[in-house]
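Listed here are the chains, written in short residue letters.
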Amino acid sequence: MPVCVTIDEVRDALRDAERPLGAVLTMGALHGGHLALVRRARAECKTVAATIYVNPTQFGDARDLDTYPRPMQDDLRVLRREGVDVVLVPSDAEIYPEGFASWVEPGRVAERLEGEHRPGHFRGVCTVVLKLFNILGPDVSYFGQKDAQQLLVIRKMAADLALPVDIVAVPTVRERDGLAMSSRNGNLGNDERRAARVLHRALTRASDLAADGVHDADALRNAVHATLAEEPLAQVDYVSIAHPETLEELHTLDGPALASLAVRIGQTRLIDNVTLLA
């Protein structure tokens, strides 16, 4: 499994790759959610390329960037074991060389939720994803449903810019107690880890109410807030019941809706979502 550190190296490694070529873009600290992406790619593609790059331009909080886990050798062992063909592990200077000045400005779907609470986040995400697509030249790329807004933003970018890449969503992978797998889960202390279960519990409450015929979006938001309030360590950034494609907040459910939230447990910010069926 070639581990490339430059654009020229990875392009050379993929020059005669069998198609289709599948890409899995990661920031490392791999967990079961990443493995689901890799395994889906391995099952559907002749060649699988992965990236490990902690993209600084999508972090608004310098502390979050500094503390982001980087177990590089463990990650490479995992990717090798899963049969990945090529890995790109670039430096910041390789992705953002001196004088870099071109950015992707995403549209309205990027301004809500995470975009509102993390200004500039999706500008950084879209720019690095587009650059990695241009470097690797994949036919298909795989993204987790846990980052539902990111998935929407990248799909919109791919459509708007006529990128020849199919964007495939892979369902959220959860721990046995329902917590969505995330690289940030490892930052939780024991009490915080137990407290983090409240995210899934709150979303499950909304899902159950919607299934029972509660279609008033405010009532569903209130139910999520009430469940989160039961956990003293939970500090809520937002709770959303929104249209699953535009992310506009809903008044009434008349079809599928995206219930999403962002909650801080101690110093760790966690996100999660479920689709509500009216």
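For every chain, the first residue of the written sequence is number 1, and numbering continues from 1 onward in sequence order. Under the rules for a predicted model, residues below a pLDDT of 70 receive no local features and side-chain atom pairs below 80 are neither given nor counted, while totals for whole chains, interfaces and linings still include all residues. Remark: hydrogens and water are excluded; side-chain values derive from all non-hydrogen atoms of the structure.

Right, let's talk about the pairing of strand E8 (residues 257-265) for a bit. Any residue under 20% of the maximum accessible area for its type is buried, any over 50% is exposed, and the rest in between are partly exposed; the area is computed with a 1.4 Å probe on protein chains only. Numbering of helices and strands starts at the N terminus; helices are DSSP runs of H or I of at least 4 residues and strands are runs of E of at least 2. Of all nine residues in E8, eight are buried; the element is thus mostly enclosed. In this sheet, E8 lies alongside strand E7 (residues 234-242) in antiparallel orientation, the contact comprising eight bridges. Bridge assignment links Val236 to a residue of E8, and that residue is Val263. Being paired, for any two strands, means DSSP has found at least two bridges between them. Where E8 meets strand E9 (residues 268-276), nine bridges bridge the pair, whose relative direction is antiparallel. Counterpart to Leu258 in the pairing with E9 is Thr275.

Along the chain, Ser240 falls in strand E7. Residue classification places Ser240 among the buried positions, given a relative accessible area of 1%. Contacts are residue-level and defined by heavy atoms, with any inter-residue pair within 4.5 Å sufficient. Excluding its chain neighbours within four sequence positions, the residues that come into contact with Ser240 are Leu113, Glu249, Leu258, Ala259 and Ser260.

Another aspect to go through is the sheet that holds E8. Taken together, the three strands give an open sheet; going across it, the order is E7-E8-E9, and neighbouring strands pair in antiparallel fashion. Looking at the sheet topology across the chains shown, the edges are occupied by E7 and E9. Geometrically, the sheet is characterised by an average inter-axis angle of 15 degrees between neighbouring strands, direction not taken into account. For helices, the fitted line uses only the C-alpha atoms of the stretch in contact; every axis is such a line through C-alpha atoms, and the angle between N-to-C directions lies from 0 to 180 degrees. Along the sheet, helix H10 (residues 197-211) makes contact with E7, E8 and E9, crossing E9 at roughly 20 degrees. Each of E7, E8 and E9 is contacted by helix H11 (residues 217-229), which is oriented at about 160 degrees to E7, the strand it contacts most.

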